[in-house]
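# Examination of the molecular architecture
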Amino acid sequence: MTHWIVVFYIAFFVAFALRSKHYHWLAGALFLWVGFILIGTRPLSWFYSSQVFLHLPYLMIALSSFFFFVQDWHYHSQKKCFYSNASFALTFFAIAGLLQHLAFLIITLISSLMSNNFIAQHVYHTQMTLYFLQPVWWIVVHFVLMGFFWTFCRYRIEPLIRIRWDDLGTVFLMALSINLLTDLVFLLDFSARWS
């Protein structure tokens, strides 16, 4: 089942990238994937030979989304909003992926800096487990965050692809909250098993 969800995620990205003519973003993701595979033939092949690497399309897509933000992400100073010429699905996909990775990096960085704390160690371990070993969780959260953007933009008079600062802040807080809530669930489950 996991493989099919990962394949759907990749197909969703490829279809909307081709539809919006974002060939640079698509080529960047493919180049990164091939590059990581070639690096994997070197001494770190023990890491890349596992299926963990094949379940990380969101890493390649997020890193290569640089091309999307350079090419298609603009700020309208009079209306104080961001907009894109790409389809709304691809726009929400790019922004949700970026904010999701930002939330993951912040939580991981803070928990790694507090390594002498048991809860921080557990949060760090949970974040790494979710990112590297639970691609379905990551993909579902990504689409949930896209749904938040769609909901915020859907009920405005403005075009669907205009995104305000408060939309970005709210979805970022949602990404942080989902990550921390998942960490709490894992921590409660862990403590229930050992009590």
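Preceding block: the structure.
Summary of the structure given here.

Calculation criteria
- Residues numbered from 1 in each chain as written.
- Predicted model: local features only at pLDDT ≥ 70, side-chain atom pairs only at ≥ 80, totals over all residues.
- Heavy atoms only, no water.
- Axes fitted to C-alpha atoms, helices over the stretch in contact; angles between N-to-C directions.
- Helix = DSSP H or I, 4+ residues; strand = E, 2+ residues; numbered from the N terminus.
- Parallel < 35°, antiparallel > 145°, perpendicular 65-115°, else oblique.
- Left-handed = near helix turned anticlockwise from the far one by under 90°.
- Contact = heavy atoms within 4.5 Å.
- Nonpolar A, V, L, I, M, F, W, Y, C, P; charged D, E, K, R; others polar.
- Pairing = 2+ DSSP bridges.
- Phe/Tyr/Trp six-rings, centres within 6.5 Å; stacked < 30°, edge-to-face > 60°.
- Buried < 20%, exposed > 50% of the residue type's maximum accessible area, 1.4 Å probe, protein only.
- Lys, Arg positive; Asp, Glu negative; His and termini not counted.
- Salt bridge = Lys/Arg side-chain N within 4 Å of Asp/Glu carboxyl O.
- Polar contact = N/O pair within 3.5 Å; in protein donor to acceptor, adjacent residues only side chain to side chain.
- Core = buried A, V, L, I, M, F, W, Y, C linked by side-chain atoms within 4.5 Å.

### Some words on the packing of helix H6 (residues 88-113) against helix H8 (residues 135-154)
In contact at an axis separation of 8 Å, H6 and H8 are set at 120° when each is read in the N-to-C sense. The orientation of H6 with respect to H8, classified from their angle, is oblique. Of the two possible hands of crossing, H6 and H8 adopt the one that is right-handed. Only Trp-138, Val-141, His-142, Leu-145, Met-146, Phe-149, Trp-150 and Cys-153 of H8 make contact with H6, whose side of the interface consists of Phe-88, Ala-89, Phe-92, Phe-93, Ile-95, Ala-96, Gly-97, Leu-99, Gln-100, His-101 and Phe-104. Grouping the constituent residues of the contact of H6 with H8 by class yields 15 nonpolar, 4 polar and no charged.

### Let's talk about the sheet that holds strand E1 (residues 73-76)
Here 3 strands make up an open sheet; going across it, the order is E1-E2-E3 and the pairing antiparallel. This sheet does not close on itself; its edge strands, each paired only once, are E1 and strand E3 (163-164).

### Looking at the pairing of strand E2 (residues 81-84)
The pairing of E1 with E2 spans 4 bridges and is classified as antiparallel. Counted as the bridge partner of Tyr-75 is Phe-82 from E2.

### Re the packing of helix H1 (residues 2-19) against H6
Close contact between H1 and H6 brings their axes to 9 Å; oriented N to C, the two are set at 125°. As summarised for this structure, H1 and H6 are arranged oblique, according to the angle between their axes. The two elements H1 and H6 meet at a crossing, and its hand is left-handed. Contacts between H1 and H6 involve Tyr-9, Phe-12, Phe-13, Phe-16 and Ala-17 from the former and Ala-89, Leu-90 and Phe-93 from the latter. A class-by-class count of the residues in the contact of H1 with H6 yields 8 nonpolar, no polar and no charged.

### Some thoughts on the packing of aromatic side chains
Going through the model one piece at a time under the given rule, you end up with 31 aromatic pairs. Ring centres 6.4 Å apart and planes at 40° place the aromatic pair Phe-68 and Trp-73 in the tilted group. Trp-73 carries the same exposure label as Phe-68, and that label is buried. Measuring from ring centre to ring centre gives 4.9 Å for Tyr-75 and Phe-82, while their planes differ by 55°; the resulting arrangement is tilted.

### Topic: the side chain of Asp-72
Mapped onto the secondary structure, Asp-72 falls in helix H5 (residues 66-72). No salt bridge is formed by the buried Asp-72, whose closest oppositely charged neighbour, Lys-21, lies at an N-O distance of 11 Å. Looking at Asp-72, its side chain comes within polar contact range of the side chain of His-22, at 2.7 Å. In this structure the side chain of Asp-72 is engaged in a polar contact, spanning 3.5 Å, whose partner is the backbone nitrogen of Asn-85. Setting aside anything within four residues of it in sequence, one finds Asp-72 in contact with His-22, Tyr-83, Ser-84, Asn-85 and Ala-86.

### Considerations on the nonpolar core
Grouped together as the largest cluster of nonpolar side chains are 45 residues, with contacts concentrated most on Phe-13, Trp-25, Phe-93, Ile-95, Phe-149 and Ile-163. Counting residues per element, the ones that place at least two in this core are H1, helix H2 (23-40), helix H4 (57-64), H5, H6, helix H7 (118-133), H8 and helix H9 (165-194). Per element, the largest residue contribution to this core is 11 residues, and it comes from H6. Setting aside chain neighbours within four positions, we find Phe-93 in contact with Tyr-9, Phe-12, Phe-13, Trp-25, Ile-61, His-142 and Met-146.

### Thoughts on the side chain of Thr-91
On the secondary structure map, Thr-91 appears in helix H6. Overall, Thr-91 belongs to the buried group, its relative accessible area being 0%. Among the polar contacts listed, one links the side chain of Thr-91 to the side chain of Ser-84, at a separation of 3.2 Å. Looking at Thr-91, its side chain comes within polar contact range of the main-chain oxygen of Ser-87, at 2.9 Å. Contacts of Thr-91, omitting those with residues within four sequence positions, involve Phe-68, Trp-73, Ser-84, Ala-86, Ile-161 and Ile-163.

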